[in-house]
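Residues per chain, in single letters:
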Amino acid sequence: MQVPVYNIQGEQVSETELRDDIFAVPVSEALMHQALVRQLANARLGTHNTKTRGEVRGGGRKPWRQKGTGRARQGSIRAPHWRGGGTVFGPNPRSYAQKMPRKMRRQALRSALSVKASGAQFRVLDELEMSEPKTKEMLRILESLEAGSSVLILLPQSDQVILRSVSNLPKVRTLVAQYLNVRDLLKYDTILMPLASLEVIEGILG
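Residues numbered from 1 in each chain as written. Predicted model: local features only at pLDDT ≥ 70, side-chain atom pairs only at ≥ 80, totals over all residues. Heavy atoms only, no water.

Participant: Could you give an account of the overall build of the chain, naming the residues involved and the relevant values?
Facilitator: Helices and strands together make up the secondary structure of the chain, namely 7 helices and 6 strands. Ordered by position from the N terminus, the helices and strands of the chain form the series β-β-α-α-α-β-α-β-α-β-α-β-α. The C-alpha radius of gyration of the chain comes to 27 Å, more than 25% above the 17 Å expected for a compact globule of 206 residues. Across its three principal directions, the C-alpha atoms of the chain cover 95 × 40 × 25 Å. Put simply, the chain has 206 residues, and 36% of those count as buried. Partitioning the intrachain contacts of the chain with sequence separation of at least 6 by distance along the chain shows that 67% fall at a separation of at least 24. A total of about 12,700 Å² of accessible surface is found on the chain, and carbon and sulfur atoms cover 49% of it. Side chains of the chain give 31 positive and 19 negative charges; the mean places of these two sets differ by 31 Å. (Helix = DSSP H or I, 4+ residues; strand = E, 2+ residues; numbered from the N terminus. Rg over C-alpha atoms; globule rule 2.2 N^0.38 Å. Buried < 20%, exposed > 50% of the residue type's maximum accessible area, 1.4 Å probe, protein only. Contact = heavy atoms within 4.5 Å. Areas by Shrake-Rupley, 256 points an atom, 1.4 Å probe, with all protein chains shown as cover. Lys, Arg positive; Asp, Glu negative; His and termini not counted. Charge placed at Lys NZ, Arg CZ, Asp CG, Glu CD.)

Here it is in structure tokens:
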């Protein structure tokens, strides 16, 4: 698949070939959904906790005698039906982690990349470099590339200048290409990447 390569002024300078085994594979929505659910589940901390009747402070003494009072029998003021009592079947610390084979995860990434490529939601740059962090300059670059407001910028390695230039743009995010994931691919409308990032992706998924 041939796609144009632009400079930061928005001018086409050449073309590059996207590998069909990465950017033109049959799309599996089920696989992408499974990868997305796994990623969201693995991000959960699972630190929520409630106390059972055995963990709530107090309530060790029987509130009143068993018989002769005319009231219902009670064994503890920390029973679940009492105000301030324990919680029944409440959440406790646990891991939400889900497992997924590496081959399936990578195939889900290929499916997501194929969706973006088929919808012309890619912008490939010859290079993306800035001398100093400037949000206004980054906005100008995005406008010249007609990238829209929701943009994921894939970088070959961490670049603090680019990162600081987009930090105040609410719908623009930078990500090192090595950490490409299904969630970010599906969340943003346009994917912007230099040729160096494309080589990183092809090295991982090729």
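Participant: A description of the side chain of Glu202 should follow, citing residues and the corresponding values.
Facilitator: For Glu202, the position within the fold is in helix α7 (residues 195-205). In this view, Glu202 contacts Glu17, Arg19, Ile22 and Phe23; residues no more than four positions away in its chain are not counted.

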